[in-house]
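Reading the structure
Listed below are the residues making up each chain.
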Amino acid sequence: KAEQAAGQATIQREQQSRADIQNRRAGLVSILVPLVLVGCALWIGFLAFGNVRQRHSEIGILRAIGLSSNQVLAIFLIKAGLTGLIGGAVGTAAGVLIGIQFGGLSPSAETWQRIFETGAVLTTVILAPVLAPAFSAIASWLPAQMAARRDPALVLQAEM
């Protein structure tokens, strides 16, 4: 009986230790994920600002030939959305494949079935390519808005 009680106590301590580790990891993830998202949004925004600065004469010409500011805005946001779609799809595929490789799994049909039975992985695989374009477009909104509102005469005059 004493051995059984000691064994139960050891199992309980191990379960408590695992629960503590999971709680610490969850706390770390709840801090890191928002920070990474903000960092990525800033990075995308700065890249969009750079794109706008490089293409300001092109934007001026488009506005001068009659495109409205909404059409110029749409061009930038569609580009950002398509870039996000491609990035989300490639990133999701690469993430799953790298996870299989470094997780020590063999790329068999059974492995794929087990992976997609997990709700979290399936949700990620479905949502990443959907949310990435939206995230990219939102992060590019301010630079695109600034590009669309610029007066074409001033932009083209600066080029001369």
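Since we're looking at a predicted model, the values are computed, not measured. The written sequence of each chain sets the order in which its residues are numbered from 1. Reporting in this predicted model follows two pLDDT cut-offs: at least 70 for local features of residues, and 80 or more for side-chain atom pairs to be given and counted; totals over whole chains, interfaces and linings ignore these cut-offs and use all residues. Heavy atoms from the whole structure form the basis of all side-chain values; hydrogens and water molecules are not counted.

1. Let's talk about the overall build of the protein chain
Applicable threshold: Each helix is a run of H or I in the DSSP string that is no shorter than four residues. Each strand is a run of E no shorter than two, and both are numbered from the N terminus. For the radius of gyration, the atoms used are the C-alpha atoms, and the globule rule reads 2.2 Å times the number of residues raised to 0.38. Exposure is judged per residue with a 1.4 Å probe applied to protein chains only, and the accessible area is read against the type maximum: over 50% gives exposed, under 20% gives buried, and values in between give partly exposed. We call two residues contacting when some pair of their heavy atoms lies within 4.5 Å. In this tally, Lys and Arg are treated as positive and Asp and Glu as negative; His is ignored, and so are the chain termini. Every charge is mapped to an atom, namely NZ of Lys, CZ of Arg, CG of Asp or CD of Glu.
Summing up its helical and strand segments, the protein chain has six helices and zero strands in all. Traced from its N-terminal end to its C-terminal end, the protein chain shows the element sequence α-α-α-α-α-α. Here the protein chain has a C-alpha radius of gyration of 25 Å; the compact-globule value for 160 residues is 15 Å, and the former is much larger. Dimensions of the protein chain, computed from C-alpha atoms along their principal axes, come out at roughly 90 × 35 × 20 Å. The proportion of buried residues among the 160 residues of the protein chain is 21%. For the protein chain, long-range pairs separated by at least 24 residues make up 78% of all intrachain contacts whose partners lie at least 6 apart in sequence. Across the protein chain, the 12 positively charged side chains and the 8 negatively charged ones have centroids separated by 6 Å.

2. A word on the environment of Ala94
Within the secondary structure, Ala94 is located in helix H3 (residues 69-102). In sequence terms Ala94 and Pro152 are 58 residues apart; their C-alpha atoms lie 42 Å from each other.

3. Remarks on the nonpolar core
The tendency in soluble globular proteins is for nonpolar side chains to be buried as a group. Heads up, the condition is: Nonpolar cores were defined as sets of buried Ala, Val, Leu, Ile, Met, Phe, Trp, Tyr and Cys residues, with membership established by side-chain atoms within 4.5 Å.
Core analysis: the largest hydrophobic core is formed by nine residues, namely Val52, Ile59, Val72, Leu73, Phe76, Leu77, Ala144, Ala147 and Ala148. Examining the composition of this core, we find that four residues originate from one element, H3, more than from any other.

4. Section: a nonpolar patch on the surface
This is how the line gets drawn: Note on patches: the residues involved have over 30% relative accessible area and no salt bridge, like charges join within 9 Å, and the nonpolar side chains Val, Leu, Ile, Met, Phe, Trp and Tyr join within 5 Å. Here, Shrake-Rupley sampling with a 1.4 Å probe gives the accessible areas, and only protein chains in the shown set may cover a residue. The rule for a salt bridge is simple: a side-chain nitrogen of Lys or Arg has to be within 4 Å of a carboxyl oxygen of Asp or Glu.
Taken together, Leu122, Ile126, Leu127, Val130 and Leu131 make up a surface patch of nonpolar side chains, about 440 Å² in accessible area. Of note, Ile126 is situated in helix H5 (residues 119-149).

5. Considering the confidence of the model for the protein chain
Put simply, the test is: pLDDT is defined as a per-residue confidence score from the predictor, taking values between 0 and 100.
With 98% of its residues at a pLDDT of 70 or more, the protein chain shows a mean pLDDT of 83. By mean pLDDT, the top-scoring element of the protein chain is H3 (87), and the lowest-scoring one is helix H6 (residues 152-159) (73).

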